[in-house]
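# Fold and geometry: a report
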Amino acid sequence: MQIIPSIDLKSGRCVRLFQGDFQQETVFSEDPVKVALGWQEQGGAILHLVDLDGAAAGNPANLATIREIVDAVAMPIQVGGGIRGREIADALLSAGVSRVVIGTAAVNDPGLVEGLCRDYGSERVVVAVDARDGLVAIKGWTESSQVSALDLAHRMKELGVPRLLYTDVSRDGTLTSPNFAANEELVRETGMKVQASGGVSSLDHIRQLVSTGVEGAIIGTALYRGTISLGKAIRAGAA
């Protein structure tokens, strides 16, 4: 199982939010490029970037910082947050981003997802299934849709999407535990590749995620607070 370090960008800084709440922000670094290089040096397989400003506003606001990180590191990078139109997706993929992560638009504009899979190849598209009480949260998690996580997953599979990023919003940034049951259900019911996110805070959590069949685990707060090290997490994921 891949261990994927996460960098959340807000106003050009590396931050973490509690349960996606923009009012509960902790700044971990003023230099996201340095943070990215650190995760690369420690063996990260792929880097996950989130443009928090973009997720809230619907238009990426940290493109300059994202480009700096892409230019600085050698490992693949996937980017999400506010990618709700073709122009932004094109710009990111042309800038060297390996995958774009589509959330809100997967619910509101599935044609965007279909077009990206067709024109760039489905491996360059990840759909974010961000769930609160089983329903998909959109617009930077500020609104809840009436679409269930599993229904969205099946719709995306029909469009050719191979990979999902599942986040239980209530656990994100909390250092509690991942939603093991929901991740396992997505893997079992869809047969898709799933990246688990939200609440990972111990090596036991990583070992339990391995047993669910997920492809990868995205870790943020636990790495920044030193609850677990990236090296130990990678070894636990490979066991």
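Residues numbered from 1 in each chain as written. Predicted model: local features only at pLDDT ≥ 70, side-chain atom pairs only at ≥ 80, totals over all residues. Heavy atoms only, no water.

### Side note on the overall build of the chain
The number of helices and strands found in the chain is 11 helices and 12 strands. Since a compact globule built from 239 residues should have a radius of gyration of about 18 Å, the 16 Å found for the chain is in line with a globular shape. Its C-alpha atoms give the chain principal-axis dimensions of about 40 × 40 × 35 Å. In the chain, which comprises 239 residues, the proportion classed as buried is 56%. Intrachain contacts of the chain at a sequence separation of at least 6 include 66% that bridge at least 24 residues. When the accessible surface of the chain is summed, it comes to about 9500 Å², and 45% of that surface belongs to carbon and sulfur atoms. (Helix = DSSP H or I, 4+ residues; strand = E, 2+ residues; numbered from the N terminus. Rg over C-alpha atoms; globule rule 2.2 N^0.38 Å. Buried < 20%, exposed > 50% of the residue type's maximum accessible area, 1.4 Å probe, protein only. Contact = heavy atoms within 4.5 Å. Areas by Shrake-Rupley, 256 points an atom, 1.4 Å probe, with all protein chains shown as cover.)

### Section: the nonpolar core
Ranked by internal contacts, the top residues of the largest apolar core, which has 67 residues, are I7, W39, L47, L92, I102, V113 and I219. When residues no more than four places from it in sequence are discounted, the contact partners of I7 are C14, P32, V35, A36, W39, L47, H48, L49, V50 and Y224. By size, the runner-up hydrophobic cluster in this structure holds 7 residues, among which are I4, I46, A128 and L165. (Core = buried A, V, L, I, M, F, W, Y, C linked by side-chain atoms within 4.5 Å.)

### Overview of the pairing of strand 6 (residues 99–102)
Side chains R99 and V101 project from strand 6 onto one buried face, and the interleaved V100 and I102 project onto a second face that is buried too. Two elements, strand 5 (residues 77–80) and strand 6, share 3 bridges in a ladder whose sense is parallel. When the bridges of strand 6 are listed, V79 appears paired with V100. Crossover connection from strand 5 via helix 4 (residues 86–94) to parallel strand 6: handedness right-handed. In this structure, strand 6 lies alongside strand 7 (residues 125–132), joined through 3 bridges in parallel fashion. Bridging across to strand 7, I102 finds its partner in V127. (Pairing = 2+ DSSP bridges. Right-handed = clockwise from strand over helix to strand, strands pointing away.)

### With respect to the pattern of salt bridges
Counted under the stated rule, the structure contains 9 salt bridges. In this structure, E123 engages R163 in a salt bridge whose closest nitrogen and oxygen atoms are separated by 3.0 Å. Linking E123 in the loop between helix 6 (110–120) and strand 7 with R163 in strand 10 (residues 163–168), this pair joins segments that are 40 residues apart in sequence. Residue E123 is classed as partly exposed on the basis of its relative accessible area of 38%. Owing to a relative accessible area of 2%, R163 belongs among the buried residues under this scheme. As a salt-bridge pair, R188 and E189 come within 3.3 Å of each other at their nearest N and O atoms. Using a relative accessible area of 38% as the deciding quantity, one classes E189 as partly exposed. (Salt bridge = Lys/Arg side-chain N within 4 Å of Asp/Glu carboxyl O.)

### So, the packing of aromatic side chains
On inspection of all chains with the given rule, the structure shows 1 aromatic pair. Summarising the aromatic geometry, the rings of W39 and Y224 are spaced 5.5 Å apart at their centres and angled 75° between planes, so their arrangement reads as edge-to-face. Linking W39 in helix 1 (residues 32–41) with Y224 in helix 10 (residues 221–224), this pair joins segments that are 185 residues apart in sequence. The pair formed by W39 and Y224 is uniform in burial state, with each residue classed as buried. (Phe/Tyr/Trp six-rings, centres within 6.5 Å; stacked < 30°, edge-to-face > 60°.)

### Concerning the side chain of S29
Structurally, the position occupied by S29 is in strand 3 (residues 21–29). Within the structure, the side chain of S29 is placed 2.9 Å from the backbone nitrogen of D31, a separation counted as a polar contact. For S29, the residues in contact, after removing those within four places along its chain, are R13, C14 and V35. (Polar contact = N/O pair within 3.5 Å; in protein donor to acceptor, adjacent residues only side chain to side chain.)

### A word on the pairing of strand 11 (residues 193–197)
Both faces of the sheet carry side chains from a regular strand, because those side chains alternate between them. With 4 of 5 residues buried, strand 11 lies mostly within the body of the structure. Summarising the sheet, strand 10 and strand 11 pair through 5 bridges and their orientation is parallel. Opposite R163, over in strand 11, you have K193 as the bridge partner.

### As for the packing of helix 1 against helix 3 (residues 63–72)
At a minimum axis distance of 9 Å, the contact between helix 1 and helix 3 shows a crossing angle of 35°. Like other packed secondary-structure pairs, helix 1 and helix 3 cross with a definite hand, here right-handed. Here helix 1 contributes P32, V33, A36 and L37 to the contact with helix 3, which in turn contributes T65, E68, I69 and A72. Here the residues of the contact of helix 1 with helix 3 are counted per class, giving 6 nonpolar, 1 polar and 1 charged. (Axes fitted to C-alpha atoms, helices over the stretch in contact; angles between N-to-C directions. Left-handed = near helix turned anticlockwise from the far one by under 90°. Nonpolar A, V, L, I, M, F, W, Y, C, P; charged D, E, K, R; others polar.)

So, to be careful, I would describe these as geometric facts and stop short of saying anything about function.
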